[in-house]
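What follows is the residue order along each chain.
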Amino acid sequence: MNPSVTFGGPLATALGLVGAPLLLGVINKTKAFFAGRRGPPLLQAYFDLVKLLGKGAVYSRTTTWVFCAGPIVGLAATLVALLFVPLGGVAATFAFQGDLFLVVYLLGLGRFLTVLAALDTGSSFEGMGANREVKFATLAEPTLLLALLALIRVAGSPWSLSPTLGNISTASSLGTAPVIGLVAVALVVLLLSENSRIPVDDPNTHLELTMIHEVMVLDHGGPDLAFILYGAALKLWLFATLLAGIVVPVRTGNLAVDLGATTLVALAVGVVVGIVESSMARLRLIHVTHLLVGALVLAAVALLLAVGWSR
Amino acid sequence: MRHALDFVLVTLVLTDLVLLGSSRLTACIRLVAAQGVLLAFLPLALTWPELEVAAMALAASTLLVKGVAFPLVLERAMRDARARREIEPFVGYTPSLLVGLGMLGAGTWLADRLSADVVRSPLMVPVALSMILTGLFFVISRKKAVSQVLGYLVLENGTYVLGISLLSETPFLVELGMLLDVFVAVFVMGIAIFQINREFDHIDVDQLDSLKG
Amino acid sequence: MSPSLVINVLWLLPLVAALVAWRLPSVRAILGVILAVVVVLVPCAVWLVALSLRLGRVTAASQWLLVDALSGFHLLVMLVVFGLSAIFAWSYFGAEVAHGHFSLRQARRFGALWLGAQGAMTAVLISNNLAMQWVGIEATTLLTAFLISTHTTSASLEATWKYLMICSVGVAFAFVGTLLVATAAMHAHTGSHNALLWTELLAAPERLDPLLIKAGFVFLLVGYGTKAGLAPMHSWLPDAHSQAPAPVSALFSGFLLNAALYCLMRYLPVVEGAPTLTGFAPGLLVFFGVVSVIVAAAFILFQTDAKRLLAYCSVEHLGIVALGLGLGGVGTFAALFHTLNHSVAKSLAFFAAGRLGQTYGTHDMNKLTRTLHHSPVWGTGLFVSLLALVGAAPFALFMSELQVVMAASHRHAYWTLGLFLAGAAVVFVGMLRRAIAMAWGGAAAATPRPGFALLDLGLVLLCVAALVTLGLFIPPGLNETLVAAARIAGGGR
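In this report, we go over the structure that sits alongside the text.

Procedures and definitions
- Residues numbered from 1 in each chain as written.
- Chains lettered and ligands numbered in written order.
- Predicted model: local features only at pLDDT ≥ 70, side-chain atom pairs only at ≥ 80, totals over all residues.
- Helix = DSSP H or I, 4+ residues; strand = E, 2+ residues; numbered from the N terminus.
- Rg over C-alpha atoms; globule rule 2.2 N^0.38 Å.
- Buried ≥ 20, exposed ≤ 12 C-beta atoms within 10 Å, placed from the backbone.
- Contact = placed C-beta atoms within 7 Å.
- Pairing = 2+ DSSP bridges.
- Nonpolar A, V, L, I, M, F, W, Y, C, P; charged D, E, K, R; others polar.
- Axes fitted to C-alpha atoms, helices over the stretch in contact; angles between N-to-C directions.
- Parallel < 35°, antiparallel > 145°, perpendicular 65-115°, else oblique.
- Left-handed = near helix turned anticlockwise from the far one by under 90°.
- Core = buried A, V, L, I, M, F, W, Y, C linked by C-beta atoms within 7 Å.
- Expected span 1.5 Å × (residues − 1).

## Quick look at the overall build of chain B
A count of helices and strands for chain B gives seven helices and zero strands. Listing each helix as α and each strand as β along chain B from the N terminus yields α-α-α-α-α-α-α. In summary, chain B has a C-alpha radius of gyration of 17 Å against a globular reference of 17 Å for 213 residues, a match within 12%. Each principal axis of the C-alpha distribution contributes one length, and for chain B these read about 50 × 35 × 30 Å. Taken across its 213 residues, chain B has 53% of its residues classed as buried. The contacts in chain B between residues at least 6 apart in sequence include a share of 74% that link residues at least 24 apart.

## So, the overall build of chain C
A count of helical and extended segments in chain C gives 19 helices and two strands. Seen through its principal axes, chain C has C-alpha atoms that stretch 70 × 55 × 45 Å. Counting the 493 residues in chain C, one finds 64% classified as buried. Partitioning the intrachain contacts of chain C with sequence separation of at least 6 by distance along the chain shows that 81% fall at a separation of at least 24.

## Quick look at the arrangement of the chains
Among the two pairs of chains in contact, the pair with the most contacts is chains B and C. Nothing in chain A touches chain C, and the closest approach of their C-alpha atoms is 19 Å.

## Things to note about the pairing of strand β2 (residues 65-68) of chain C
Within a regular strand, the side chains alternate between the two sheet faces. All names here are of chain C. Alternating positions in β2 separate into two faces, Leu65 and Val67 on one and Leu66 and Asp68 on the other, with burial throughout. Relative to β2, strand β1 (residues 57-60) is paired through four bridges, and the arrangement is antiparallel. Counterpart to Val58 in the pairing with β2 is Val67. Hairpin connection from β1 to β2: four residues lie between these consecutive antiparallel strands, with Ala61 at a positive phi of about 50 degrees.

## Concerning the interface of chain B and chain A
At the junction of the two partners, chain B supplies 19 residues and chain A supplies 16 residues. Of all the secondary structure elements, the ones that give two or more residues to the side of chain B that touches chain A are α1 (2-21) and α4 (93-114) of chain B. Sorting elements by how many residues they give to the side of chain B that touches chain A places α4(B) first, with nine residues. In terms of residue class, the side of chain B that touches chain A is built from twelve nonpolar, six polar and one charged.

## Notes on the interface of chain B and chain C
Interface size is commonly expressed as the accessible surface area that is lost when the partners come together. Opposite the 37 residues of chain B that make contact, chain C presents 32 residues. Mapped onto the side of chain B that touches chain C, the elements with two or more residues apiece are α4, α5 (124-141), α6 (145-166) and α7 (171-200) of chain B. If you tally residues by element for the side of chain B that touches chain C, the top one is α7(B), at twelve residues. A per-class count over the side of chain B that touches chain C returns 23 nonpolar, nine polar and five charged.

## Observations regarding the packing of helix α2 (residues 27-55) of chain C against helix α3 (residues 69-98) of chain C
All names here are of chain C. It is the contact of α2 with α3, at a shortest axis distance of 9 Å, that shows an interaxial angle of 165 degrees. In this view, α2 runs roughly antiparallel relative to α3, as classed from their interaxial angle. For the pair α2 and α3, the sense of crossing is left-handed. Looking at the contact of α2 with α3 residue by residue, the class counts come to 22 nonpolar, three polar and no charged.

## What about the nonpolar core?
If you look at the biggest cluster of nonpolar residues, it comprises 388 residues, and the most contacted ones within it are A:Ala150, A:Val183, A:Ala299 and A:Ala302. The dominant element in this core, judged by the number of residues it contributes, is helix α6 (residues 154-188) of chain C, at 23 residues. Discounting chain neighbours no more than four positions away, the residues touching A:Ala302 are A:Ala147, A:Ala150, A:Val179, A:Leu182, A:Val183 and A:Ala186.

## Structural notes on the environment of C:Leu41
Residues and elements named next belong to chain C. Inspection of the secondary structure assignment puts Leu41 in helix α2. Looking at Leu41, the number of C-beta atoms within 10 Å reads 24, which means it is buried. Distance in space between the C-alpha atoms of Leu41 and Ser71 is 15 Å, their sequence separation being 30 residues. The contacts of Leu41, once residues within four sequence positions are left out, are Leu10, Leu13 and Leu79.

## Details of helix α19 (residues 476-490) of chain C
All names here are of chain C. The terminal C-alpha atoms of α19 lie 20 Å apart, and with 15 residues this matches the ideal 21 Å at 1.5 Å per residue to within 8%. Among all positions of α19, only Thr481, Leu482, Ala485, Ala486, Ile488, Ala489 and Gly490 are buried. Contacts from the buried residues of α19 go to α2, β2, α3, α10 (246-273), α12 (306-327) and α13 (330-360).

## Looking at helix α8 (residues 210-228) of chain C
Residue and element names in this part refer to chain C. The terminal C-alpha atoms of α8, which comprises 19 residues, lie 25 Å apart, in line with the 27 Å expected from a rise of 1.5 Å per residue. With 14 of 19 residues buried, α8 lies mostly within the body of the structure. Where α8 ends, the next residue or the one after it, Gly229, has phi of about 80 degrees, a positive value.

## A few points about the environment of C:Ser409
Among the secondary structure elements, C:Ser409 is positioned in helix α16 (residues 396-410). The spatial distance from the C-alpha of C:Ser409 to the C-alpha of C:Leu327 is 9.7 Å, given a sequence separation of 82 residues.

## Examining the packing of α10(C) against α13(C)
Residue and element names in this part refer to chain C. Look at α10 against α13: their axes get within 8 Å of each other, and the N-to-C directions meet at 165 degrees. Judged by the inter-axis angle, α10 sits roughly antiparallel to α13. Helix-helix and strand crossings are classified by hand; for α10 and α13 the assignment is right-handed. Every residue of α13 that contacts α10 at Ala246, Ser249, Ala250, Ser253, Gly254, Phe255 and Asn258 is listed here: Thr339, Ser343, Lys346, Ser347, Phe350, Phe351, Ala353, Gly354 and Arg355. The residue makeup of the contact of α10 with α13, split by class, is six nonpolar, eight polar and two charged.

## So, unusual backbone geometry
Most peptide bonds adopt trans geometry, and most residues besides glycine take a negative phi value. Residue and element names in this part refer to chain C. Residue Ala231 is joined to Pro232 through a cis peptide bond whose omega torsion reads 5 degrees. Among the structural elements, Pro232 can be located in the loop between α8 and α9 (236-243). Across the junction of Ala393 and Pro394, the peptide omega takes the value 5 degrees, indicating a cis bond. Looking at the secondary structure, you find Pro394 in the loop between α15 (376-389) and α16. Residue Ala61 is not a glycine yet carries a positive backbone phi of 50 degrees.

## Some words on the environment of C:Pro245
Residues and elements named next belong to chain C. In this structure, Pro245 sits in the loop between α9 and α10. Pro245 sits in the buried class, given 26 other C-beta atoms within 10 Å. With 131 residues separating them along the chain, Pro245 and Pro376 place their C-alpha atoms 22 Å apart. The contacts of Pro245, once residues within four sequence positions are left out, are Tyr92, Thr150, His151 and Gly354.

Structure below.
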């Protein structure tokens, strides 16, 4: 299939590139609001990125090129993935049969390199973080795939993300509501776990023993850390917009309205994440497995139901 | 009503899965009670918009028996036995969830093979079969007597759904008879639990192991 | 006398008597009522069987109830078992009352449940509606559960719980099977409200959907097979049989298992008649039959409890019945004949083991020694019944097993035959070793010897005489019933 390039796709991608750090700001503002603080400015993430990009980096002599490749590949993989993920009803820049596998495995590639970079330091803490990251990823990745497959089955579209999300609209969603609901719940869990949010991981923790994602990137600094932070923001944006596109399917056909609505809902997802983080404590690691298996089961149930439907 | 029906069926599957993942007996009993209430909707949803007397009678008695009476009997048994949790099931909770998923897959596969085309929703037979298998697994994998009764109830709930979905003509008489049977069965099991508790001071079935070979 | 009235009496009388027994003032009265019910019902059943042989089948209650040769034959076996057990209960519980082990409360519960179980089993046998038949089986489970724990001990409660759980789950599977068959029937006879009537199913089995019937029969076999104690679903059976009082054990082995197998016999011709399914159900039955014989043989070798030994022996014999049914032809005849023989022999064995257990205070076979010396009546009863059960000539079980062997060789099923004979040989050696040791071996027990009672002697003589007579020749009336019943179960094969 030829990659279809339209005006909406690049615009959506550009919106993601610019808006992703804003989502972090929304989450932090929400948390600050619930904690009764004023909190950092909404644009703090942008300031951090600029500051980090201006700094130099120090590399340990025990590390190799793998350590440097980690952040770069991680960011690059997420960037490419973003090109294939539609923003609600607005088709992505590129779409082809089977692009969902590419997206899932690009994210996997980014994670793989980050994990390798962490192991490359030889630090026991980073090794432990890598261990946990991979353990949870083995549950999260199949969940994402199953959830996306369920969506495709429900939408009755070709195996590609853009037409799938395009087919999901408020009109058709009543009968498919159970499947969509299950997928949405699974995606919420994935969003929290893949982006190291509470209750899976605490992005603000300073105790290495309890960290998962943060502990892996302890030794990165300067531009490398900026890449990592930006990549993480993009990933969060990616999941938030995916979720927004499913939960509130605004499909007017008007580019500005569709883009605006989905972006707003994505920011609302940020608020929800903030609320979750304010109201919950981090789960014990053993319960995280339980949570992720739950999400996996939900996604699988969704897929089975969706298959049952089309029979 | 197709949407309402699907909603009920999906919720039934979810209660099954949550049941597999929970250890607190009170929660388990509540979940099975919730299943009973959901089951009461099925005969109404199937005959909608006509309100047949038989369907309403079945719905009412299902609600009464599965939604009210069973939870009461079981909570009583649980309180008498002072058992709150399933301490160590033979199969852990997380693996249980995955097994539950497998059961759903197996149910779908079997329903696909059978291709019984009298059903109102393509989900009914798969859901029913998966409930039957899940119930069986629950009976096998748990140690507390109350949990085993719960598993038996899930199994019976599955046959209830199967009966409603397969017998298109006059299902309600058979279902009512079935309900009566299950009612007596649970009552008898309740008495048995009571006696076991009095004799052993616990209801851990895995400690009922004096008879072997 | 109208046939439908008699049919209704068959199952209603025990239920009414159950209610009466609940309120009777003495243990003896309850035991008397149990016996009286059988005495009243035997002529009714014989008359019905004779009638059904003449007419083909007798129906009642707008075809919901049916007596034909197959159900009639099972009715007779059931009444024989209930009758013998009722006589034995008189002597067995009489001894317990004398020792103060059997209170009026226990007796009332026992009487009500016993008669209720009899009513439920009769309902199973005479029901033409397959759903009602299922309800009957479920009812027998629930009613007999507390018969096991007539004496409330921890072991008997354990057995009760296992029986209750395993059989309830198994019977639920049978319900799924019934539903699937009913669905197939509805597809075939659209618009008919009697799709679950066996006679309707049998009228046009070639129109049934084979896939539904196939899946349905698998569920039914697992479900009713659990109740019938076919291996590997037999795990409840040894516990229940060993913990129940002897009359109840005899009832379980003698008829409860057969009732479940009877249900499968009803489905057999239906499944055989369904398109493309010829040979499917018999194949499964042969498989489960052989597995039961082998599993039972393996376990029999290591038993020390007399009643557990007998329980595993039941697994073996039910396996033989299933095997005979599966082989078809003369095998079906043999299977039915074997049902009767096994019921009589096993009842006698449980009576003797129970009574001896009472006086020895244990069922441990290492302590049940010199039984012939200890109690000539029951010692002989145990030894002779064990001889009959291992298939020694000239007892009737030898004849029916021989017929099963013949059926297997007719079918050229030599692997089946080999496995069956190997299993039977192991059982022969394993049980005979125990039987001889119990009869003559060891030292005389120091426990007081039981008093001699004419009733006991009569019971043992009756059973032994029946076993020997049936081994030498089959009375023409019985033969006619068996042939007609085999024709029904075999579907004319």
